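What the coordinates show
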Amino acid sequence: MKSHIQSLLEQTVAKLKQQGIIPEDTDPRIQVDRTKDKSHGDLATNLAMMLTKAAGKPPRELAQLLIDNLPASSHVAKVEIAGPGFINFFIDENALAKQLQAALADEHLGVALPSAQTVVVDYSSPNLAKEMHVGHLRSTIIGDAVVRALEFLGHKVIRQNHVGDWGTQFGMLLAYMEELRAANGAESEVELSDLESFYRAAKVRFDESEAFATRARHLVVELQSGDEYCNKLWREFNEISLSHCHKVYQRLGVSLTRNDVRGESAYNDDLPQVVKDLDAQGLLTESNGAKVVFQEAFRTKEGEPLPVIIQKADGGYLYATTDLAAMRYRSSVLHADRVLYFVDLRQALHFQQVFSLARTAGFVRPEMSLEHMGFGTMNGEDGRPFKTRTGGVVKLIDLLDEAHDRALELVRSKNPDMDTATLEQIAAVVGVASVKYADLSKNRASDYIFSFDQMLSFEGNTAPYLLYAYTRVAGIFKKAEDIDLSAATIVLEHDKEKELGNKLAQFSEVLARMVDKGQPHLLCAYLYELAGAFSSFYEACPVLAADTAAQRDSRLLLAKLTANTLKQGLALLGIDTLERM
Ligand code: ARG
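As the structure is a prediction and not an experimental result, all values here were calculated from the model. (Residues numbered from 1 in each chain as written. Predicted model: local features only at pLDDT ≥ 70, side-chain atom pairs only at ≥ 80, totals over all residues.)

1. Digging into the overall build of the protein chain
Going by this rule: Numbering of helices and strands runs from the N terminus; a helix is a DSSP stretch of H or I covering at least four residues, while a strand is a stretch of E covering at least two. Exposed residues have 12 or fewer other C-beta atoms within 10 Å of their own C-beta, buried residues have 20 or more, and residues in between are partly exposed; the C-beta atoms are placed from the backbone.
The helix and strand tally for the protein chain stands at 20 helices and 13 strands. By the burial criterion, 39% of the 581 residues in the protein chain qualify as buried.

Written as structure tokens, this is what we have:
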């Protein structure tokens, strides 16, 4: 409805331009907002105030001219001028009811589908040869929610799991492998199944011995220049590490597959070309033997120029070099319209630098949009990065196990007589849902405090609250199975019906904003409000005990659309619903 009013206003502005009331070259951003106080109508715009300067007319006079030229619409019952020149729109309830009725019959729930784009989404992207830990959670689930919503809206999404499979850490692991073999005899098999402790031991050697560190750096170069022995070991490492990642994805209900993996190594062969192309454009500078690019816009706080390092003195390439090659690939091979990077905010400067450099060097089509969707840190209850009691990193698998155990206790306490198999099934959904929802419901740009108690509470904007709300709505139909709704119509009479109807009609604009901004919390907040609007409606408006059959059926349809919207919305967040809990 909001976008409908917006387009009416666009047409109006065009008419006023034709009449010479607004200068041709004014291009106002037309903003339409929902009103807080319904006595001021349902939607409002400040357009008249925005145009007053360009048109040289007082805002209230301009507001009247806008209203006089507004195309007729069956959705608008009344238009009014308010205060200094706001225009308030009163939505026609019949039109709203019709819109909701149409949404019920539509597999996209009436959501407006934009023109389809190709969107590359870079997410999860852990560094391999390490087990997945809580630091990987946010990128993985926030990215996956945005991916699901983009696909629902009809976009072509290309997932890219840009795993770190090619960094210095591999030199370290290979060097440690060698050392173990030298000590234990060349024949001894090195145990790779426990990568985590292997990694830790290698790191200890790297930090304590300069000779080891030098050897490690050398082996990276060997690996990168295609040495067969190094490459074989490297493939073994990756296989083990990736299959572990995919176990975690499966457990989390994340849609990434092995086909979506395109790691840093995939760009290895392009890196010399990246250097050549930067050089040919005169962008490269030597600095202590390394090849770097200085960009005017990037300086330290002290005003010193800040480089992007492209190639080290020993010939090794860097994270930034690979990202430049990846951008070129995403632009010229994948033909992306947008590329979204779900990566920790601490990498903000890196992305600003490489985005800007890719544009300067002409590595990407100018119209391709590059967006760093940064996120903050997941902290423990002490406000510091989330750690185990002994200060170690928390493995994602362990975190999910604990969530599951706690969810099981919670569900058992609510249903003391439920059989174990059913309890386990419900707990499996509630545990994962709680961890995901707690994260998704926060603005991704802020840090947040991870708390099992909060995420498993039935009160507030939590997974248990929403899952339970869904079971309640869905439960109404269990008692209404015999009622034939095929000829039923939605009629909005009661205030609470209108409020619920208005909320339902907002699903479309919420999804549009969520994928535009890469912010799943907008969808979470919406679903929470929708559940609240349903609760108020259900308290005020008897459904099965309604006054007439027509009223009962209309309310059943409203409940049905609420259930569908909650289920679809949660599915877009990667969260399964339950029929009971
Ligand atoms: N592997 C990197 C890390 O763990 C994240 C990669 C993000 N994607 C990218 N194209 N740089 O920090």
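2. Some thoughts on the site of the ligand
Filter applied, for reference: Here, nearness is defined through the C-beta atom: a residue counts as near a molecule or strand if that backbone-placed atom lies within 6 Å of it. Note on residue classes: Ala, Val, Leu, Ile, Met, Phe, Trp, Tyr, Cys and Pro are nonpolar, Asp, Glu, Lys and Arg are charged, and everything else, Gly too, is polar.
Lining the immediate environment of the ligand, one finds Asp122, Ser125, Pro126, Asn127, His162, Gly164, Asp323, Ala326, Tyr341 and Val343. For the shell around the ligand, a count of residues per class yields four nonpolar, four polar and two charged.

3. Points about helix α18 (residues 507-517)
The following threshold applies: Here, the arc refers to the directions that run from the helix axis to the C-beta atoms. We call two residues in contact when the distance between their C-beta atoms, placed using the backbone, is within 7 Å.
For α18, every residue scored as buried is listed here: Phe507, Ser508, Val510, Leu511, Met514 and Val515. Across the axial projection of α18, the buried residues extend over an arc of 165 degrees, all falling on one side. Buried residues in α18 make contact with α5 (137-152), α17 (495-505), α19 (520-540) and α20 (549-572).

4. A look at the UniProt feature "domain: DALR anticodon binding" (unreviewed entry) in the protein chain
Note the cut-off: UniProt positions are given in the numbering used here, feature names are shortened, and annotations may be inferred rather than shown by experiment.
Those places that UniProt annotates as "domain: DALR anticodon binding" (unreviewed entry) correspond, in this numbering, to residues 466-581. With 69% helix and 0% strand, the stretch residues 466-581 has end C-alpha atoms that lie 11 Å from each other.

5. Examining the environment of Lys98
Here Lys98 is to be found in helix α4 (residues 93-104). For Lys98, a count of 15 C-beta atoms within 10 Å gives the class partly exposed. Distance in space between the C-alpha atoms of Lys98 and Val491 is 8.6 Å, their sequence separation being 393 residues.

6. Observations concerning the nonpolar core
So the rule is basically this: For this analysis, nonpolar core means a set of buried Ala, Val, Leu, Ile, Met, Phe, Trp, Tyr and Cys residues linked through C-beta atoms within 7 Å. How far each domain reaches was decided by an automatic or database domain assignment.
Within the largest apolar cluster, 138 residues are counted, with the highest numbers of intra-cluster contacts made by Val430, Leu523 and Leu566. Looking at this core, the element that brings in the most residues is helix α14 (residues 420-440), giving 10 residues. The residues that make up this core include at least three from each of domain 1 (2-91) and domain 2 (430-572). Sequence-distant contacts of Val430, that is, excluding residues within four places in its chain, are made with Ala407, Val411, Ala463, Pro464, Leu467 and Met581.

7. What about the environment of Lys78?
The topology assignment puts Lys78 in strand β3 (residues 76-82). On the basis of neighbour counts, which here come to 10 C-beta atoms within 10 Å, the residue Lys78 falls in the exposed class. Taking the C-alpha atoms as reference points, Lys78 and Asp270, separated by 192 residues in sequence, lie 62 Å from one another.

8. Some points on the pairing of strand β8 (residues 290-299)
We apply this condition: The rule for pairing is simple: two strands pair if DSSP sees at least two bridges between them.
Summarising the sheet, strand β7 (residues 285-287) and β8 pair through three bridges and their orientation is antiparallel. Across the sheet, the residue bridging to Ser287 is Ala290, located in β8. Adjacent in sequence and paired antiparallel, β7 and β8 are bridged by two residues, among which Asn288 carries a positive phi angle near 50 degrees. Sheet topology places β8 next to strand β9 (residues 305-311); five bridges connect them, and they run antiparallel. Paired with Arg299 across the two strands is Pro305, which belongs to β9. Once β8 ends, the chain turns through five residues before running back antiparallel as β9, passing Gly303 with a positive phi of about 90 degrees.

9. Brief notes about the sheet that holds strand β11 (residues 369-372)
What counts here: Each axis is a line fitted through C-alpha atoms, and for a helix only the stretch in contact is used; angles between axes span 0 to 180 degrees, taken between their N-to-C directions.
The parallel open sheet is built from four strands, whose spatial order is β6-β5-β10-β11. Edge strands, defined here as strands with exactly one partner in the open sheet, are β6 (156-160) and β11. Between one strand axis and the next, the sheet turns by 15 degrees as a mean value, whatever way the strands run.

10. What about the UniProt feature "domain: Arginyl tRNA synthetase N-terminal" (unreviewed entry) in the protein chain?
Here, UniProt's "domain: Arginyl tRNA synthetase N-terminal" (unreviewed entry) annotation points to residues 3-91. Taken as a whole, residues 3-91 contains 40% helix and 21% strand, while its terminal C-alpha atoms sit 13 Å from one another.

11. Some details on the domain arrangement of the protein chain
Split into domains, the protein chain comes out as domain 1 (2-91) and domain 2 (430-572). Each of domain 1 and domain 2 was reduced to a C-alpha centroid, and the two centroids are 32 Å apart.

12. Brief notes about helix α11 (residues 319-332)
Because each turn of an α-helix spans 3.6 residues, side chains separated by three or four positions in sequence point in the same direction. Keep this limit in mind: Between the first and last residue of a helix there are one fewer steps than residues, each counted as 1.5 Å, and that sum is the expected span.
Helix length check: α11 (14 residues) gives 20 Å between terminal C-alpha atoms against 20 Å at 1.5 Å per residue, within 8%. Along α11, 11 of the 14 residues are buried, which leaves the element largely enclosed by surrounding structure. Those residues of α11 that sit buried are Ala320, Thr321, Thr322, Asp323, Leu324, Ala325, Ala326, Met327, Arg328, Arg330 and Ser331.

13. Details of the environment of Phe450
When you line up the elements, Phe450 lands in the loop between β13 (448-449) and α15 (452-455). Put simply, Phe450 and Glu371 are 79 residues apart on the chain and 26 Å apart in space, counted from C-alpha to C-alpha.

14. Points about the sheet that holds β3
Read from one edge of the open sheet, four strands run β1-β2-β4-β3, paired in antiparallel fashion. Both outer strands of the open sheet, β1 (32-34) and β3, are each paired with one neighbouring strand and no more. Averaged over all adjacent pairs, the angle separating strand axes in this sheet is 25 degrees, with direction ignored. Sheet analysis places β1 next to strand β2 (residues 43-45), joined by three bridges and oriented antiparallel. Across the sheet, residue Asp33 finds its bridge partner in β2, namely Ala44.

15. Points about unusual backbone geometry
Of note, the phi angle at Asn288 is positive, near 50 degrees, even though the residue is not glycine. Positionally, Asn288 belongs in the loop between β7 and β8. Given 7 C-beta atoms within 10 Å, Asn288 falls into the exposed group. You will see that His335, though not glycine, has its phi angle at about 55 degrees, which is positive. Within the fold, His335 resides in the loop between α11 and β10 (338-341). On the basis of neighbour counts, which here come to 13 C-beta atoms within 10 Å, the residue His335 falls in the partly exposed class.

16. Section: the packing of α11 against helix α12 (residues 348-360)
The cut-off we apply is this: Angles are sorted into four bins: roughly parallel if under 35 degrees, roughly antiparallel if over 145, roughly perpendicular if 65 to 115, and oblique for all others. Here is the rule for handedness: rotate from the far helix to the near one, and if that takes an anticlockwise turn smaller than a right angle the crossing is left-handed, while a clockwise turn gives right-handed.
Where α11 meets α12, the closest approach of the two axes is 10 Å, and the angle between their N-to-C directions is 50 degrees. With respect to each other, α11 and α12 are oriented oblique. Relative to α12, α11 is oriented so that their crossing is right-handed. Contacts between α11 and α12 involve Ala320, Asp323, Leu324 and Met327 on the former and, on the latter, His350, Val354, Leu357 and Ala358. Residues that form the contact of α11 with α12 fall into these classes: six nonpolar, one polar and one charged.

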